[in-house]
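Here's the letter readout for the chains.
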Amino acid sequence: MINRQSHRKDEHVSLAKKFHQPSHAGFADLKFIPNGLPEQAVANIDLKTSLAGHPLSVPFYIEAMTGGSTYTQKLNQQLAQVAKETGLALALGSASVALKDPDSAASFTVARKTNPTGMIMGNVGAGVTPAAAQAVVDLVQADALEVHLNVVQELVMPEGDRDFHWATNLQNIINHVSVPVIVKEVGFGLDQETIRRLHQLGATTVNVGGLGGTNFAQIENFRRKRKEMAYLEDWGLTTVQSLYEAQQVPDVQVVAAGGVTNPLEIAKALALGADAVGIASEILTNLIDNGVADTIQMIQDWIYGLKSIMTALGVRNIAELRTRPVVLSPTLESYLRQRNIHTN
């Protein structure tokens, strides 16, 4: 008999690939001003950053996607191999299923077995108990724990949760687990009010997880018999809007994810304040279509591409990248004005 949760995990991967599309996360709404005399060299570019206190040699990483079935075990093994060969951090998909079905645990533990020394992040929902969150950390030998907020996904999911009293539990998770916690959205974005509230609960790192990439409202609606909730497929703030919102909250490390598909979008996310950038669908789709070796080469190309962009702008590191001027579209300017967000 097929385990329902494992089947759902396979469905999510299949539908994420089915609906994979060019980014509409808002990156086209800002443009770098070029520098004709950059006085810089690719060899001088420093990409180092940190994520939840963990040093990273590259400022983008493989964002949480999968786990919980035989098929996704293979994918996680391959993703871990890609991460090992490229030096990228790797976030695993939600491991709550492994707490309910121990037979699925291997689909998560395979990552650490494949990549013994790289940064690996566990992942749970905001409704799990602090003890369960720590159990996931222990299971995957995680260096950090992503705790995801996914209200709209759950509401559209046929078998999803319907009660979202999360704040106190989230605070307890942050205080209880033995590794840093990254609170993340899953494709609907975060506003400054929510980020400020998360900070009050103890969160020091947030992943804005904006609208524009994998759309879980679309995926879960496709799984509904009548597919009647398509009106929520445009719900939320784009990644770019969310990054501007996050700028208004000091003392919180910001991570960007959601519709990031190339080195230029990574550079724009870093320029808007992200210390690290998560890539999910673009990597997953390439891995399934073209295999491990091609995906490793794609990431190496991206590293060179990011260094090339920074060289062309005349900056040496991420801090200097944030000093470069950008111009904004009327649409983005209007959003920022209505939200009373001031930019330089």
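Everything numeric in this text was worked out from a predicted model, so none of it was measured.

## Digging into the layout of surface pockets
Move 1: In this structure, the second largest pocket spans a volume of roughly 450 Å³.
Move 2: In this structure, the second largest pocket is lined by 21 residues; those nearest its centre are Y244, Q247, A271, L272 and R322.
Move 3: At the level of secondary structure, the elements contributing two or more residues to the lining of the second largest pocket comprise α10 (239–246), β10 (253–257) and β12 (326–328).
Move 4: Considering each element in turn, the lining of the second largest pocket owes the most residues, three residues, to α10.
Move 5: Tallied by class, residues from the lining of the second largest pocket come to twelve nonpolar, six polar and three charged.

## Overview of unusual backbone geometry
Move 1: Despite not being glycine, A52 has its phi angle at roughly 50°, a positive value.
Move 2: For A52, a relative accessible area of 14% corresponds to the buried category.
Move 3: Residue Q141 is not a glycine yet carries a positive backbone phi of 55°.
Move 4: Mapped onto the elements, Q141 comes out in the loop between α5 (130–140) and β7 (144–149).

## Details of the pattern of salt bridges
For side chains bearing opposite charge, pairing can occur when the charged atoms are close.
Move 1: Taken as a whole and assessed by the stated rule, the structure comprises eleven salt bridges.
Move 2: Here K184 and E146 are joined by a salt bridge, their closest N and O atoms 3.7 Å apart. One end of the pair, K184, is in strand β8 (residues 181–185); the other, E146, is in strand β7, with 38 residues separating them in the sequence.
Move 3: A salt bridge links D275 to R322, with the nearest nitrogen and oxygen atoms 2.9 Å apart.

## Some words on the nonpolar core
Nonpolar side chains in soluble globular proteins tend to end up buried together.
Move 1: Residues F60, L145, I266 and V277 are the most contacted members of the largest nonpolar core, which totals 90 residues.
Move 2: Leave out the neighbours within four places in its chain, and F60 touches L88, I266, V277, I279, I299, W302, I303 and L306.

## Comments concerning the packing of aromatic side chains
Ring pairs (aromatic) are described by centroid distance and by the angle formed between their planes.
Move 1: Scanning all chains against the criterion turns up two aromatic pairs.
Move 2: Its guanidinium or amino end placed over the ring of F222, K227 lies 5.0 Å from that ring's centre, counting from NZ or CZ.

## Some thoughts on helix α11 (residues 263–271)
In an α-helix, one turn spans 3.6 residues, which is why side chains three or four residues apart end up on the same side.
Move 1: Summarising burial for α11: eight of the nine residues are buried, a large majority.
Move 2: Where α11 is concerned, the buried positions are P263, E265, I266, A267, K268, A269, L270 and A271.
Move 3: Where α11 starts, the residue carrying a side-chain oxygen 3.0 Å from the main-chain nitrogen of L264 turns out to be N262.
Move 4: Trailing α11 by a residue or two, G273 shows a phi angle of about 115°, which is positive.

## A few points about the side chain of Q241
Move 1: By the secondary structure assignment, Q241 is in helix α10.
Move 2: Within the local environment of Q241, its side chain forms a polar contact with the backbone nitrogen of T238, the two atoms lying 2.9 Å apart.

## Focus: the pairing of β8
Move 1: Among the five residues in β8, five count as buried, and that is most of the element.
Move 2: By the alternation rule, side chains of β8 split into V181, V183 and E185 and I182 and K184, which are all buried.
Move 3: Here β7 runs beside β8; their pairing, made up of five bridges, is parallel. Bridge assignment links E146 to a residue of β8, and that residue is I182.
Move 4: Pairing analysis gives three bridges linking β8 to strand β9 (residues 205–207), with the strands arranged parallel. Residue pairing in the sheet places K184 in a bridge with N207 of β9.
Move 5: Between β8 and its parallel partner β9, the chain crosses via helix α8 (residues 192–200), and the hand of that crossover is right-handed.

Thresholds applied
- Residues numbered from 1 in each chain as written.
- Predicted model: local features only at pLDDT ≥ 70, side-chain atom pairs only at ≥ 80, totals over all residues.
- Heavy atoms only, no water.
- 1 Å grid on protein atoms, 1.4 Å probe; cavity = no way out; pocket = protein on both sides within 12 Å on 5 of 7 lines; lining within 4 Å.
- Points joined across faces, edges and corners; volume = space filled by probe spheres on them.
- Helix = DSSP H or I, 4+ residues; strand = E, 2+ residues; numbered from the N terminus.
- Nonpolar A, V, L, I, M, F, W, Y, C, P; charged D, E, K, R; others polar.
- Buried < 20%, exposed > 50% of the residue type's maximum accessible area, 1.4 Å probe, protein only.
- Salt bridge = Lys/Arg side-chain N within 4 Å of Asp/Glu carboxyl O.
- Core = buried A, V, L, I, M, F, W, Y, C linked by side-chain atoms within 4.5 Å.
- Contact = heavy atoms within 4.5 Å.
- Phe/Tyr/Trp six-rings, centres within 6.5 Å; stacked < 30°, edge-to-face > 60°.
- Lys NZ or Arg CZ within 6 Å of the ring centre and 35° of its normal.
- Polar contact = N/O pair within 3.5 Å; in protein donor to acceptor, adjacent residues only side chain to side chain.
- Pairing = 2+ DSSP bridges.
- Right-handed = clockwise from strand over helix to strand, strands pointing away.

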